[in-house]
Amino acid sequence: MTRRQPLVAANWKMNGALQTVRPLIAGVLAGVADGIPAEVAICPPFVYLPEVGRALQGSRVALGAQNVSEHAAGAHTGEIAAAMLMDLGCKYVIVGHSERRHIYGETNVIVAGKFVSASRAGLIPILCVGEELSDREAGQTEEVVANQLDAVIQAAGIGSFAAAVVAYEPVWAIGTGKVATPDQAQQVHAFIRLRLARHDTGIADRLRILYGGSVKAGNAKELFAMADIDGGLIGGASLQAEEFIGICRAAE
Ligand code: PGA
């Protein structure tokens, strides 16, 4: 079995202020300096990318964005292109977060377009997939996740997953305090890996699949211990340095 370096990525969502960025980053950097085997990334709101990028310079913590346009440039008022994110030193970009899909109507096709534009620019997309509670109750978790994955594989090609990350985030577990059990999460993570292995077993084997949805320092260890869980995408708990570092420490 391939050893995959775990990744713990902070998704600040639409939180923070210029005054809170510095102390939060300082706390994370102090914790990381203590020695953390996992790779750590921080995805702040767009407007704080330069500030956070400067603070992270020379550290082992990577910079990421929360969204990207599917278009390369031009008349797209309010959008941000992948090349702009590269310009600011981003390594990662989250695409297809469930809040983008459900609040802002991003379809599988739009998400695939974003993945492609991120990959082309040299960013590593963190592709979010996950079912809603009604899907799970109807026994359609795998079907939903398969459709989300297949749309991207079709548009981007399996090769682009060599430089991508997938995050499984059951929508019912995001920001609700209702975490998936390690077994529930592992089952879907294994399914995701298998789905990609249909196209390329090597790429599937090396792909990092993160779990997201109410991860806390107190529940991270048992989740990250599962065979196909390679770290986490952390929302609420990433807004407190100590809690976030506790989660990072749980990923070995
Ligand atoms: P949460 O969010 O950790 O606050 O549940 C995770 C996410 O939406 O990425």
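Above this text is the structure in question.
What you are looking at is a predicted structure, and each value in this text was computed from that prediction instead of being measured. (Residues numbered from 1 in each chain as written. Predicted model: local features only at pLDDT ≥ 70, side-chain atom pairs only at ≥ 80, totals over all residues. Heavy atoms only, no water.)

(A) Quick peek at the overall build of the chain. Secondary structure assignment for the chain yields 11 helices and 8 strands. In summary, the chain has a C-alpha radius of gyration of 17 Å against a globular reference of 18 Å for 252 residues, a match within 12%. Along the first, second and third principal axes, the C-alpha set of the chain runs to 45 × 45 × 35 Å. When each of the 252 residues of the chain is scored for burial, the buried share is 54%. Taking the average place of the 21 positive charges on the side chains of the chain and the average place of its 25 negative ones, the gap between the two points comes to 5 Å. (Helix = DSSP H or I, 4+ residues; strand = E, 2+ residues; numbered from the N terminus. Rg over C-alpha atoms; globule rule 2.2 N^0.38 Å. Buried < 20%, exposed > 50% of the residue type's maximum accessible area, 1.4 Å probe, protein only. Lys, Arg positive; Asp, Glu negative; His and termini not counted. Charge placed at Lys NZ, Arg CZ, Asp CG, Glu CD.)

(B) Seen up close, the pattern of salt bridges. Taken as a whole, this structure holds 16 salt bridges when the rule is applied. The salt bridge partner of Asp205 is Arg4, with a shortest N-O separation of 4.0 Å. With Asp205 in helix H9 (residues 201-206) and Arg4 in the segment before strand S1 (7-11), the pair connects residues that are 201 residues apart, well separated along the chain. The exposure class of Arg4 is buried, given its relative accessible area of 14%. (Salt bridge = Lys/Arg side-chain N within 4 Å of Asp/Glu carboxyl O.)

(C) A look at helix H5 (residues 108-121). Compared with the 20 Å implied by 1.5 Å per residue over 14 residues, the 20 Å span of H5 between its first and last C-alpha is a close match. All of the buried residues in H5 are Val111, Ala112, Lys114, Phe115, Val116, Ser117 and Ala118. Taken together, the buried residues of H5 touch helix H3 (82-87), strand S4 (92-95), helix H4 (98-103), strand S5 (124-129) and helix H7 (141-156). Of the residues flanking the end of H5, it is Gly122, one or two places downstream, whose phi is positive at about 100°. (Expected span 1.5 Å × (residues − 1). Contact = heavy atoms within 4.5 Å.)

(D) Representation of empty space enclosed by the protein. A full pass over the atoms with the stated rule returns 1 cavity of 30 Å³ or more. Looking at the largest cavity, its volume works out to about 40 Å³. Every residue along the wall of the largest cavity is listed here: Gly96, His97, Ser98, Arg101, Cys128, Val129, Gly130, Gln148, Glu169 and Val171. At the level of secondary structure, the elements contributing two or more residues to the lining of the largest cavity comprise H4 and S5. (1 Å grid on protein atoms, 1.4 Å probe; cavity = no way out; pocket = protein on both sides within 12 Å on 5 of 7 lines; lining within 4 Å. Points joined across faces, edges and corners; volume = space filled by probe spheres on them.)

(E) Examining the side chain of Ser214 more closely. Note that Ser214 resides in the loop between strand S7 (208-212) and helix H10 (220-224). Assessed through its relative accessible area of 10%, Ser214 is described here as buried. A polar side-chain atom of Ser214 sits 2.7 Å from the main-chain carbonyl oxygen of Ala173. (Polar contact = N/O pair within 3.5 Å; in protein donor to acceptor, adjacent residues only side chain to side chain.)

(F) A look at the site of the ligand. Taken together, 13 residues lie near the ligand, and Lys13, His97, Glu169, Gly175 and Ser214 sit nearest. Measuring from an oxygen atom of the ligand, one finds a backbone N or O atom of Ser214 at 2.7 Å. Between Gly235 and the ligand, the recorded distance is 2.9 Å, taken from a backbone N or O atom to an oxygen atom. In the shell around the ligand, the residues fall into 4 nonpolar, 7 polar and 2 charged. (Near = heavy atom within 4 Å. Nonpolar A, V, L, I, M, F, W, Y, C, P; charged D, E, K, R; others polar.)

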